[in-house]
Amino acid sequence: MKSIIIYSTKHGTTEKAARILSAKLPGEVVLKNIMKENVSSLEEYDNVILGGSIYIGKVQKNLTEYMQKNLKELLSKRVSLFLCAGETNEELAAKQIKGAFPEELYKAAICKDSFGFEFNFDKLNFFEKLIMKKVKGVKESYYELKEDSIDRFAKVIASNK
Ligand SMILES: Cc1cc2nc3c(=O)[nH]c(=O)nc-3n(C[C@H](O)[C@H](O)[C@H](O)COP(=O)(O)O)c2cc1C
């Protein structure tokens, strides 16, 4: 089994989640940060995993553009979707996943989940800190990456051969 995790990240949480996930998957796993690297072809991969993070309701533009441009090829693959996001309400988190990915891809995905979040105040810029404090009421670094969710996600991919 060969898999590729294509992800976008602003402050590194999604990259961290992608690395944790890659360690739980069987076979070879290639990691690609779509904000820095190109993905030429998906031909050699059995699994394609797409992940991004949410800022003010939206996933990174690079990931959205990649998915739109390569939708046909992505739909020919076994695709899984994940987000890193601060939303803890299950219903809203599910809605956020639905809105972050193209509808056809969302419907075709074998699994989709939110892996939690990190608010690392050392990495946030002035405006991001302000938003966190004023809008979310978060005043210091706070981490809640859900390894159990990543574990479950990996098991679905591994069992779906
Ligand atoms: C300025 C700012 C805005 C955010 N907006 C949202 C949001 O609208 N919805 C959400 O669920 N999480 C939101 N988050 C939480 C991020 O998605 C979370 O911190 C995530 O771990 C970031 O991942 P990254 O480091 O891979 O970019 C926000 C975080 C910051 C700092």
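With an unreviewed UniProt entry as reference, the chain is termed Flavodoxin, source organism Clostridium omnivorum.

Asker: Tell me about the side chain of serine 80, residues and numbers included.
Answerer: Along the chain, serine 80 falls in strand β5 (residues 78-84). When near neighbours in sequence (up to four residues on either side) are disregarded, serine 80 contacts Val48, Ile49, Leu50, Ile110, Cys111, Phe153 and Ile157.

Asker: An account of the site of the ligand is requested, with residue identities and associated values reported.
Answerer: Contacts to the ligand come from 22 residues, most closely from Thr9, Thr14, Ser53, Ile54 and Glu118. In the model, a nitrogen atom of the ligand is placed 2.9 Å from a nitrogen or oxygen of the glycine 86 main chain. The contact in question runs from an oxygen atom of the ligand to an N or O atom on the backbone of glutamate 118, over 2.7 Å. Considering the ligand on its own, with 650 Å² of exposed area, one finds that the protein chains cover 95% of that surface. Those elements that provide at least two residues to the shell around the ligand are α1 (13-24), β3 (47-55), β7 (116-119) and α6 (126-136). Here the shell around the ligand is composed, by residue class, of nine nonpolar, nine polar and four charged.

Cut-off values and rules
- Residues numbered from 1 in each chain as written.
- Predicted model: local features only at pLDDT ≥ 70, side-chain atom pairs only at ≥ 80, totals over all residues.
- Heavy atoms only, no water.
- Helix = DSSP H or I, 4+ residues; strand = E, 2+ residues; numbered from the N terminus.
- Contact = heavy atoms within 4.5 Å.
- Near = heavy atom within 4 Å.
- Polar contact = N/O pair within 3.5 Å; in protein donor to acceptor, adjacent residues only side chain to side chain.
- Areas by Shrake-Rupley, 256 points an atom, 1.4 Å probe, with all protein chains shown as cover.
- Nonpolar A, V, L, I, M, F, W, Y, C, P; charged D, E, K, R; others polar.

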